[in-house]
Amino acid sequence: MNSLTSSLEMSNTYYENGARNDFVDELRSITKPGCLLFNEPMSAHTTFKIGGPADYLVMPTSFQEVSNIVGLCRKYKVPVTILGNGSNVLVLDKGVRGVVLKFTDKLAYIKYEDDVLYAGTGAMLKDVSKYSLRESLIGLEFAIGIPGSVGGAVFMNAGAYGGEMSQVVSAVTAITEDNKIKRFTKEELNFGYRHSIFQETFTIILEVEFSLRPGDRNEIMTRMDEYTEKRESRQPVDSASAGSVFKRPEGNYAGTLIENSGLKGVRIGGAEVSLKHAGFIVNAGDATAKDVLDLIEKIRATVYDKFQVELKSEVRVIGEK
């Protein structure tokens, strides 16, 4: 089971019309108008622009609503998948069964109170970084170009330019596997390289607290401008991708190994190794998830054959093959 999906198994009765109709009726009753979509193509909700339909795409507006939806899914044994901004994710071609939760609007707030910066799970990380600049707070400069949501960034301990979420996150409020709202302290988050405790259990991130320190606004802006220029000049920011595909191998760089393997520009179907940065796979035109997965395997096999280095993907694969 993918770590973004709950351990709930779809029950056989869910497929029976009566049970499905009851589930849909109850789901409608606990969601706001316009916040429940049926058979929604996930290609419209991922930065890769790839992915089949979700049975139900739900955009909750409060902590309690998230809890109610999870409780309902437990009742009917319907799986739940969490989607942030859709970056660092590859949705498979047959789509996602059950409910996909996407956090927007009401759960994308940013506020600064009593020396703590708070952000709802759906807030874009780059927006939180810009907010910290406005408040002259040091620590989130590295995040200015990371194209993901706060919840997704904490989930994978996202980082860039020597910084990562573990350095600035002080606490996280989340819904636990037993559907209770809990505040996790930093010591409980089990951060590691591209890892957090939320990959180990089905726990839904709701709010993130950042511990930042006051600094000089001009210095903060200078660092952000530098990182932005580096990213835009070196990465395929104008192409549809899921971000960097592979974790950094010890003592090396995935992009360098891929480029030195002669793989820049190699295509399978509509998936292509970026000509700008070999560590990225881009959707060069109507790519399918299968195209991307086949290209990932070709890259891994070629790099291992040439350098005896095993590349590990950091892209989350969700859905049904």
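All residue numbers refer to position in the chain's written sequence, counted from 1. In keeping with the predicted nature of the model, local features appear solely for residues at pLDDT of at least 70, side-chain atom pairs appear and are counted solely at 80 or more, and the whole-chain, interface and lining totals rest on all residues. Each side-chain value is derived from all of the structure's non-hydrogen atoms; neither hydrogens nor water enter the calculation.

Novice: Quick question: what am I supposed to make of the overall build of the protein chain here?
Specialist: Under the DSSP-based scheme used, a helix requires at least four consecutive residues in state H or I and a strand at least two consecutive residues in state E, with every element numbered from the N terminus. Within the protein chain, the secondary structure is distributed over seven helices and 19 strands. Relative to the compact-globule value of 20 Å for 321 residues, the protein chain shows a C-alpha radius of gyration of 20 Å, a close match. Seen through its principal axes, the protein chain has C-alpha atoms that stretch 55 × 50 × 30 Å. The contacts in the protein chain between residues at least 6 apart in sequence include a share of 67% that link residues at least 24 apart. To measure how exposed things are, a 1.4 Å probe is used in the Shrake-Rupley method; for residues, cover is taken only from the protein chains shown. Roughly 14,600 Å² of accessible area belongs to the protein chain as shown, and the carbon and sulfur atoms make up 46% of that amount. In this charge count, Lys and Arg are treated as positive and Asp and Glu as negative; neither His nor the chain ends contribute. One atom stands in for each charge, and that atom is NZ of Lys, CZ of Arg, CG of Asp or CD of Glu. Of the side-chain charges in the protein chain, 38 are positive and 42 negative, and the distance between the mean point of each set is 2 Å. Computation of the radius of gyration draws on C-alpha atoms, with the globule rule given as 2.2 Å multiplied by the number of residues to the power 0.38. The contact rule is simple, with two residues in contact once any of their heavy atoms fall within 4.5 Å.

Novice: What exactly am I supposed to notice about the pattern of salt bridges here?
Specialist: Two side chains carrying opposite charge are able to pair once their charged atoms lie near each other. Take a side-chain nitrogen of Lys or Arg and a carboxyl oxygen of Asp or Glu: if they are within 4 Å of each other, that pair is a salt bridge. In this structure the tally under the stated criterion is 14 salt bridges. Among the ionic pairs, E209 bridges to R183, the shortest N-O distance being 2.9 Å. Within this pair, whereas E209 is found in strand β13 (residues 204-210), its partner R183 is found in strand β12 (residues 181-185), the two being separated by 26 residues in sequence. Residue classification places R183 among the partly exposed positions, given a relative accessible area of 48%. Residues participating in the shared-partner salt-bridge network are D55, R97 and E320. Categorising residues by exposure relies on relative accessible area from a 1.4 Å probe, with only protein chains included: less than 20% of the type maximum marks a residue as buried, more than 50% marks it as exposed, and the intermediate range marks it as partly exposed.

Novice: Please clarify how the pairing of β13 should be interpreted in this entry.
Specialist: Look at any regular strand and the pattern is simple: side chains alternate between the two faces of the sheet. Counting buried positions along β13 yields seven of seven residues, so the element is predominantly enclosed. Of the pairings in the sheet, the one linking strand β11 (residues 169-175) to β13 comprises six bridges and is antiparallel in character. Residue pairing in the sheet places V169 in a bridge with F210 of β13. By the convention used here, strands pair only if DSSP detects at least 2 bridges between them.

Novice: Explanation requested: the side chain of T46 in the structure shown.
Specialist: Its place among the elements puts T46 in the loop between β1 (36-41) and β2 (53-58). Sequence-distant contacts of T46, that is, excluding residues within four places in its chain, are made with G86 and V91.

Novice: Looking at this structure, how should I read the nonpolar core?
Specialist: Soluble globular proteins: nonpolar side chains tend toward being buried together. Side-chain atoms within 4.5 Å are what join buried Ala, Val, Leu, Ile, Met, Phe, Trp, Tyr and Cys residues into a set we call a nonpolar core. Membership of the largest hydrophobic core comes to 30 residues, with the highest contact counts inside it found for L140, M165, V169, F198 and F210. Only β7 (116-120), α3 (125-134), α4 (150-155), β11 and β13 provide two or more residues apiece to this core. It is α4 that contributes the most residues to this core, four residues altogether. If near-sequence neighbours (up to four positions away) are discounted, F210 is found in contact with V116, L117, A119, V128, L140, V150, M165, V168, V169 and S170.

Novice: Quick question: what am I supposed to make of the packing of aromatic side chains here?
Specialist: Any two aromatic rings considered together are summarised by their centre-to-centre distance and by the angle between their planes. Classification of ring pairs rests on two measures: the distance between centres of Phe, Tyr or Trp rings, Trp counted by its six-membered ring, which must be within 6.5 Å, and the angle between planes, read as stacked under 30 degrees, edge-to-face over 60 and tilted in between. Tallied over the full model, the rule gives five aromatic pairs. Between Y161 and Y227 the ring centres are 4.7 Å apart and the planes differ by 0°, which places this aromatic pair in the stacked class. Residue Y161 is found in the loop between β9 (159-160) and β10 (163-164), and its partner Y227 is found in helix α5 (residues 217-234); the two are separated by 66 residues along the sequence. When its relative accessible area of 34% is taken as the criterion, Y161 is described as partly exposed. Judged by its relative accessible area of 15%, Y227 falls in the buried class. Feature note: the residues F23, F38, Y56 and Y76 constitute an aromatic cluster, connected by ring pairs.

Novice: It is not clear to me how the sheet that holds strand β18 (residues 280-283) should be interpreted in this structure. Could you clarify?
Specialist: Sheets are built from strands that pair by backbone hydrogen bonding, the pairs being arranged parallel or antiparallel. Pairing in this open sheet of four strands is antiparallel, and the strands run β15-β18-β17-β16 from one edge to the other. Sheet topology places β15 (241-244) and β16 (267-268) at the edges, where each strand pairs with a single neighbour. For every element, the axis is a line fit to its C-alpha atoms; helices are fit only across the contacting stretch, and the angle between N-to-C directions ranges from 0 to 180 degrees. Lying over the sheet, helix α7 (residues 289-307) contacts β16, β17 (271-273) and β18, oriented at roughly 30° with respect to β17.

Novice: It is not clear to me how the packing of α3 against α5 should be interpreted in this structure. Could you clarify?
Specialist: The packing of two helices is summarised by the inter-axis angle and the distance between the axes. The interhelical angle for the contact between α3 and α5, taken along N-to-C directions, is 155°, at an axis separation of 9 Å. The orientation of α3 relative to α5 falls into the category roughly antiparallel. Mapping the contact onto sequence places S129, S132, L133 and R134 in α3 and R217, I220, M221 and M224 in α5. When residues are sorted by character, Ala, Val, Leu, Ile, Met, Phe, Trp, Tyr, Cys and Pro go into the nonpolar class, Asp, Glu, Lys and Arg into the charged class, and all the rest, Gly among them, into the polar class. By residue class, the composition of the contact of α3 with α5 is four nonpolar, two polar and two charged. The labels follow the angle: roughly parallel below 35 degrees, roughly antiparallel above 145, roughly perpendicular from 65 to 115, and oblique for the rest.

Novice: How do you make sense of the environment of S274 when you look at a structure like this?
Specialist: Residue position: S274 is located in the loop between β17 and β18. When its relative accessible area of 3% is taken as the criterion, S274 is described as buried. Taking C-alpha positions, S274 is 16 Å from A289, a pair spaced 15 residues apart along the chain. Leaving out residues up to four positions away in the same chain, S274 has contacts with P236, K264, G265, F280 and V282.

Novice: What am I meant to see in the environment of E26 here?
Specialist: As for its position among the elements, E26 is in helix α1 (residues 17-29). Take E26: its relative accessible area is 26%, and that puts it in the partly exposed class. Taking the C-alpha atoms as reference points, E26 and T185, 159 residues apart in sequence, are found 34 Å from one another.

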